[in-house]
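This is what each chain is made of:
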Amino acid sequence: MTPDPKASRAIARLMCDTTRDTLWSSYRDRLRQTRPHADLQCRTGSGRATYHRYDHRHQIHLITYGVRMVMAKQTPETAASWLSTREIRSRGYFGGEISVLNLLAHTCTHEFAHLLQQHAGKRYHGSVHNHHFYQLLDQLNDVGLADRTRRHLADLARHHGLFLDDRTMALPCQQQQAGQWQKGDQVRFGEGRAAREGQVIKVNRRTCTVEGTGASRGLRFRVPFVMLEAADA
Ligand SMILES: [Zn+2]
């Protein structure tokens, strides 16, 4: 079943509401003690791109949830390649269980951890998913805020008559398909210090040609599909 774009946009909007209602409202006063004008704007984007940005001048955090990201996370074939899937599994968030609801709730928590990371001055060029980031993400899960985020998103969806599947999703064991990648996709690959980020510039038969971004700017790689992950920025 192909996810419906209109419903996916509505879900992306509910992710915006959820981020403000649960995560931001829990931290707002604390963050404003050091930056009195700090604020958050959430919006939906039409593509896959999902990210946190910070406007230093106006002290405004901006989180964008891509409609095509919401669509991709509703289908096992395309959900498997996202960093959210790996984070939930490898760090045991939500009991390590992959479902549409868990993936989308985790995306809210993930982007909000970037907000906290930015506020703490721990977001560095070329090292975005660093151990500071994972400390914050772990904390959001440990104190129960990730669960509250998930409940809130599920309640809102139910209220709006939108279907968010909370059943465990069976993922294909390995991603070998060219069809899930396209030119312009933001990706990451490699582990630890060798981790790289970039943008797909060409889809080949078994690999993507990736142009490095951030610390890998100026470099070009041929990366097998199995090594590629879609980057939640
Ligand atoms: Zn991220």
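Being a predicted model, the structure only gives us computed values, none of them experimental.

Student: Even after reading the chapter, I still don't get the pairing of strand S4 (residues 186-189), so can you show me in this structure?
Tutor: Two faces make up the sheet, and in a regular strand the side chains alternate between them. Examined bridge by bridge, S4 and strand S5 (residues 196-203) share 4 bridges and lie antiparallel to one another. If you follow phenylalanine 189 over to S5, its bridge partner there is arginine 196. Taking the residues between adjacent antiparallel strands as the criterion, S4 and S5 are bridged by 6 residues, where glycine 190 takes a positive phi near 85°. Alignment of S4 against strand S8 (residues 229-230), held across 2 bridges, turns out to be antiparallel.

Student: Can you help me understand the domain arrangement of the protein chain in this one?
Tutor: How large an interface is tends to be reported as the accessible area lost when its parts come together. Annotation of the protein chain at the domain level lists domain 1 (5-159) and domain 2 (186-230). If you average the C-alpha positions of domain 1 and of domain 2, the two centres end up 23 Å apart. Each side of the interface is counted separately: domain 1 has 8 residues, and domain 2 has 8 residues. Summed over both sides, the interface between domain 1 and domain 2 buries roughly 710 Å², with carbon and sulfur atoms accounting for 45% of that surface. Of all residues in domain 1, Ser81, Leu83 and Arg86 bury the most surface against domain 2, accounting for 51% of the area lost on that side. On inspection of domain 1 and its partner domain 2, the count reaches 1 salt bridge. As a salt-bridge pair, glutamate 229 and arginine 86 come within 3.0 Å of each other at their nearest N and O atoms. Our count for the domain 1 to domain 2 interface comes out at 3 residue pairs in polar contact (both at pLDDT 80 or more).

Parameters at a glance
Residues numbered from 1 in each chain as written. Predicted model: local features only at pLDDT ≥ 70, side-chain atom pairs only at ≥ 80, totals over all residues. Heavy atoms only, no water. Pairing = 2+ DSSP bridges. Helix = DSSP H or I, 4+ residues; strand = E, 2+ residues; numbered from the N terminus. Domains from an automatic or database assignment. Contact = heavy atoms within 4.5 Å. Buried area = accessible area lost by both parts, 1.4 Å probe. Salt bridge = Lys/Arg side-chain N within 4 Å of Asp/Glu carboxyl O. Polar contact = N/O pair within 3.5 Å; in protein donor to acceptor, adjacent residues only side chain to side chain.

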